[in-house]
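# Observations on the three-dimensional arrangement
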Amino acid sequence: MEKRKTALLVAPTWAEIEALTENVRNAMKARGQLQSEEREFRVFDSMSWTKAQKRDPRQYRSGLVLHFHQPTGGFARQKSVEVEKSLEDGLQLRREDGSVSLFKLDGGRACFEVGEWRSLKIAPGDKLLLQANRSRQFINGELVEVKAVAGQSILLSDGRTLPPDYRTFTHGYAVTSHAAQGKTVDNVVLVASSRSFAAVNREQFYVSISRGRQCCSVFTDDKDLLRAQITHSSIRTAAVEVVTAPKTRRALVQQLLAWAENFRRLVSLGQVLSQPLAPQKSTVLSRKERMHNRYEYHHSHRQSRTLGV
């Protein structure tokens, strides 16, 4: 910030990101870059479930939150409700006014996100990372700065306002390697402690360190283990590939042997064709020889007619 350069702080897991964010915000408060007056907001933290998980009642527990991005089952768009109980074919949801509604998890109902409520402290000067689209006003992945807090609304430095019903955001001081894709900055700082090595692999490490155009710094508490961890790839072999691998290898070997045999035959043929041909006697006859052959032909033909052959 002092050198007016762009930077990106990357960590493998969200647990590591939260620890980094706390340290960054404390340092900014000590330097006066972040006001000490904070407000606590309840924000929605998505669990990024798949459609199959959303349709399975066994996945749900009391206290989870459903945030609808399309009007469904009597729930309005952008509405958030808590799960009170999981039933055999659906959920029992509790609205903000305390009323309870039944929500069936049939095949066509997956237009919602599943997550949890959590508390987030925000102060003027904070950086926020938006995590949901809202028409054309807010974009998922957008980084914004807080100018002021007015009641339940958050005023941004660019003149926009985060309304009370938009609560899908978090602090924007550090990102995962997945969120860092496509970004280019002057300096990139990668923090990978041993507690997050389970999420470190060759592809993740490459994406992280390749974001900086001038400098890249890596911080870890175990260099040897990090070196060993980044040699592993995250690319997994599919089950069908494992089953068909022996057959595929045999077929490949047979094809290679066939190619080798064809190549051997082509080489042999090439050697034969490359040998010089033996000179042959010219088949062009002289005029005298042609006349002699014609005489022999007519003479033999007359004899055959005379003898009745």
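Our subject is the structure listed above.
Description of the structure in this document.

### Points about helix H4 (residues 202-209)
It helps to recall that an α-helix has 3.6 residues per turn; residues three or four apart then point in one direction. Turning to H4, its buried residues number three or more, namely Gln 204, Phe 205, Val 207 and Ser 208. The arc that holds the buried residues of H4, viewed along the axis, is 165 degrees, so those residues lie on one side. Against strand S1 (7-10), helix H3 (177-180), strand S13 (185-191), strand S14 (212-219) and helix H5 (223-229) lie the buried residues of H4. One side-chain oxygen at the N-terminal end of H4 lies 3.2 Å from the backbone nitrogen of Glu 203; it belongs to Asn 201.

### Here we look at helix H1 (residues 14-30)
For H1, spanning 17 residues, the distance from its first C-alpha to its last is 24 Å, which sits close to the expected 24 Å at 1.5 Å a residue. Where H1 is buried, its residues contact S1, strand S7 (112-122), strand S12 (169-171) and S13.

### A closer look at the packing of aromatic side chains
Counted under the stated rule, the structure contains nine aromatic pairs. Look at Tyr 166 and Phe 169: their rings are 6.5 Å apart centre to centre, the planes differ by 15 degrees, and that puts the pair in the stacked class. In this pair, the class of Tyr 166 matches that of Phe 169, namely buried. One residue, Arg 42, lies across the ring of Trp 117, its end atom 4.1 Å from the ring centre.

### Some details on the nonpolar core
Core analysis: the biggest nonpolar cluster contains 15 residues, and Ile 122, Leu 128, Leu 130, Ile 154, Leu 162, Tyr 166 and Phe 169 have the highest contact counts within it. Not counting chain neighbours up to four residues away, the residues in contact with Leu 162 comprise Leu 128, Leu 130, Phe 138, Gln 152, Ser 153, Ile 154, Leu 156, Arg 167 and Phe 169. The next biggest cluster of nonpolar side chains, apart from the first, holds 14 residues, and it includes Leu 66, Phe 75, Val 81 and Leu 105.

### What about a nonpolar patch on the surface?
A surface patch of nonpolar side chains, about 320 Å² in accessible area, is lined by Leu 252, Leu 256 and Trp 259. With respect to the helices and strands, Leu 256 occurs in helix H6 (residues 239-274). With relative accessibility at 43%, the residue Leu 256 sits in the partly exposed group.

### Considering the sheet that holds S14
In space, the three strands of this open sheet follow the order S1-S13-S14, with parallel pairing throughout. Each having just a single partner strand, S1 and S14 make up the two edges of the open sheet. The sheet shows a mean angle of 15 degrees between the axes of neighbouring strands, direction not considered. Examined bridge by bridge, S13 and S14 share six bridges and lie parallel to one another. Its bridge partner lying in S14, Leu 190 is registered against Val 218.

### Overview of the pattern of salt bridges
When their charged atoms lie close together, side chains carrying opposite charge are able to pair. Counted by the stated rule, this structure contains 16 salt bridges. When the shortest N-O distance is used, the salt bridge between Arg 195 and Glu 16 registers 3.9 Å. Taken together, the residues span a long stretch of sequence, with Arg 195 in the loop between S13 and H4 and Glu 16 in helix H1 at a distance of 179 residues. When its relative accessible area of 59% is taken as the criterion, Arg 195 is described as exposed. For Arg 202, the salt bridge goes to Glu 203, with nearest N and O atoms at 4.0 Å. Looking at Glu 203, the relative accessible area reads 26%, which means it is partly exposed. What emerges from the salt-bridge pattern is a single network uniting Arg 25, Lys 29, Glu 38 and Asp 126.

### Overview of the pairing of strand S10 (residues 153-156)
As defined by bridge partners, strand S9 (residues 143-150) adjoins S10 across four bridges and the pair is classed as antiparallel. Considered in S10, the bridge of Val 146 is made with Leu 156. What sits between the antiparallel neighbours S9 and S10 is a turn of two residues, in which Gly 151 has the positive phi angle 65 degrees. Between S10 and strand S11 (residues 161-162), which follow one another and run antiparallel, lie four residues, and Gly 159 among them has a positive phi close to 95 degrees.

### What to know about the pairing of strand S4 (residues 80-86)
In terms of strand pairing, strand S3 (residues 65-68) meets S4 through three bridges, oriented antiparallel. The residue bridging Val 65 from the neighbouring strand is Glu 82, located in S4. Bridge count for S4 against strand S5 (residues 90-94) is four bridges, and the pairing is antiparallel. Within S5, the residue paired with Ser 86 across the bridge is Leu 91. Between S4 and S5, which pair antiparallel and follow one another directly, the connecting turn spans three residues.

About the criteria used
- Residues numbered from 1 in each chain as written.
- Predicted model: local features only at pLDDT ≥ 70, side-chain atom pairs only at ≥ 80, totals over all residues.
- Heavy atoms only, no water.
- Buried < 20%, exposed > 50% of the residue type's maximum accessible area, 1.4 Å probe, protein only.
- Helix = DSSP H or I, 4+ residues; strand = E, 2+ residues; numbered from the N terminus.
- Arc of directions from axis to C-beta.
- Contact = heavy atoms within 4.5 Å.
- Polar contact = N/O pair within 3.5 Å; in protein donor to acceptor, adjacent residues only side chain to side chain.
- Expected span 1.5 Å × (residues − 1).
- Phe/Tyr/Trp six-rings, centres within 6.5 Å; stacked < 30°, edge-to-face > 60°.
- Lys NZ or Arg CZ within 6 Å of the ring centre and 35° of its normal.
- Core = buried A, V, L, I, M, F, W, Y, C linked by side-chain atoms within 4.5 Å.
- Patch = residues over 30% accessible without salt bridge, like charges linked within 9 Å, V, L, I, M, F, W, Y side chains within 5 Å.
- Areas by Shrake-Rupley, 256 points an atom, 1.4 Å probe, with all protein chains shown as cover.
- Salt bridge = Lys/Arg side-chain N within 4 Å of Asp/Glu carboxyl O.
- Pairing = 2+ DSSP bridges.
- Axes fitted to C-alpha atoms, helices over the stretch in contact; angles between N-to-C directions.

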